[in-house]
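Inside the fold
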Amino acid sequence: LAPAPGPLDNVAISVSYLGGKADSYTLNFSRPASGIYVQYYKFHRLGRRGYKALTDNRMSNAKYLRDALKAFKHSDGRPKFQLLDAGDENCLPVVTACLNPELKLPYDDIDL
């Protein structure tokens with residue numbers, strides 16, 4: 001009788017490397033999984049409270065940056081930046097903005 005397949009048999013693939021064959025035990029998807037591994041490691045290492053503190057800090061930093069961009073005004077009082085992200089609630093700690101197109105500035109986002 002052949003031994004029953006183990007969990008590694010489901011993820012192992014045989015690859016040709018430097019003229020030989022070797023088994024590779026990686027997760028193969030259309031996108032790299034390293035971000036998920038890192039996130040899991042941080043959650044495991046920091047615990048729920050530590051991970052929440054980390055994400056709260058990131059959200060606070062994004063809010064600070066978003067508020068600073070909102071405070072930039074053109075000489076006529078109109079906002080200099082147009083925010084493109086979801087805002088401060090229920091979103092990722094990401095800030096995206098572009099120059100306000102209504103200002104018709106002589107430079108663009110790339111020039112900055």
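The shown structure was predicted, so the numbers you read here are calculated from the model rather than taken from an experiment.

In terms of helices and strands, the protein chain carries 1 helix and 4 strands. Going from the N terminus to the C terminus, the protein chain shows its helices and strands as β-β-α-β-β. Of all 112 residues assigned to the protein chain, the portion counted as buried reaches 12%. The long-range fraction of contacts in the protein chain, counting pairs at least 24 apart against all pairs at least 6 apart in sequence, stands at 27%. Counting only carbon and sulfur atoms, one obtains 58% of the accessible surface of the protein chain, whose full area is about 9,500 Å².

Moving on, we come to the packing of aromatic side chains. Throughout the structure, instances matching the rule amount to 2 aromatic pairs. Consider the rings of Phe43 and Tyr51, whose centres lie 5.5 Å apart with planes at 85°: the pair is edge-to-face.

Under the 1.5 Å per step criterion, the end-to-end length of helix H1 (residues 34–71) is only 37 Å for 38 residues, more than 12% shorter than the ideal 56 Å. Bending of H1 peaks at approximately 115° at the position of Gly47.

Here we take up the pattern of salt bridges. Tallying each qualifying case throughout the model produces 4 salt bridges. Between Asp85 and Arg66 there is a salt bridge; the shortest N-O distance is 2.9 Å. Of this pair, Asp85 sits in the loop between strand E3 (81–83) and strand E4 (97–99) while Arg66 sits in helix H1, and the two are 19 residues apart along the sequence.

This part takes up the side chain of Asn100. Turning to its location among the elements, Asn100 is positioned in the segment after E4. Among the polar contacts listed, one links the side chain of Asn100 to the backbone oxygen of Pro79, at a separation of 2.9 Å. If we skip the residues at most four places from it in the chain, Asn100 touches Pro79, Lys80, Phe81 and Gln82.

Quick look at the environment of Arg58 now. Note that Arg58 resides in helix H1. Separated by 36 residues in the primary sequence, Arg58 and Val94 place their C-alpha atoms 8.8 Å from one another. Leaving out residues up to four positions away in the same chain, Arg58 has contacts with Lys42 and Pro93.

Turning our attention to the side chain of Arg66. We classify Arg66 as buried; its relative accessible area is 2%. There is a polar contact of 2.9 Å between the side chain of Arg66 and the side chain of Asp85. Once residues within four sequence positions are removed from consideration, Arg66 is found in contact with Leu83, Asp85, Gly87, Asp88, Cys91, Leu92, Val94 and Val95.

Further remarks concern unusual backbone geometry. Even without being glycine, Lys104 reaches a positive phi, approximately 50°. Mapping Lys104 onto the fold places it in the segment after E4.

Let us now look at the environment of Leu65. Secondary-structure assignment places Leu65 in helix H1. Residues Leu65 and Thr96 lie 31 residues apart in sequence; the distance between their C-alpha atoms is 10.0 Å.

Conventions adopted
- Residues numbered from 1 in each chain as written.
- Predicted model: local features only at pLDDT ≥ 70, side-chain atom pairs only at ≥ 80, totals over all residues.
- Heavy atoms only, no water.
- Helix = DSSP H or I, 4+ residues; strand = E, 2+ residues; numbered from the N terminus.
- Buried < 20%, exposed > 50% of the residue type's maximum accessible area, 1.4 Å probe, protein only.
- Contact = heavy atoms within 4.5 Å.
- Areas by Shrake-Rupley, 256 points an atom, 1.4 Å probe, with all protein chains shown as cover.
- Phe/Tyr/Trp six-rings, centres within 6.5 Å; stacked < 30°, edge-to-face > 60°.
- Expected span 1.5 Å × (residues − 1).
- Bend = angle between axes of the 7 residues up to and from the residue.
- Salt bridge = Lys/Arg side-chain N within 4 Å of Asp/Glu carboxyl O.
- Polar contact = N/O pair within 3.5 Å; in protein donor to acceptor, adjacent residues only side chain to side chain.

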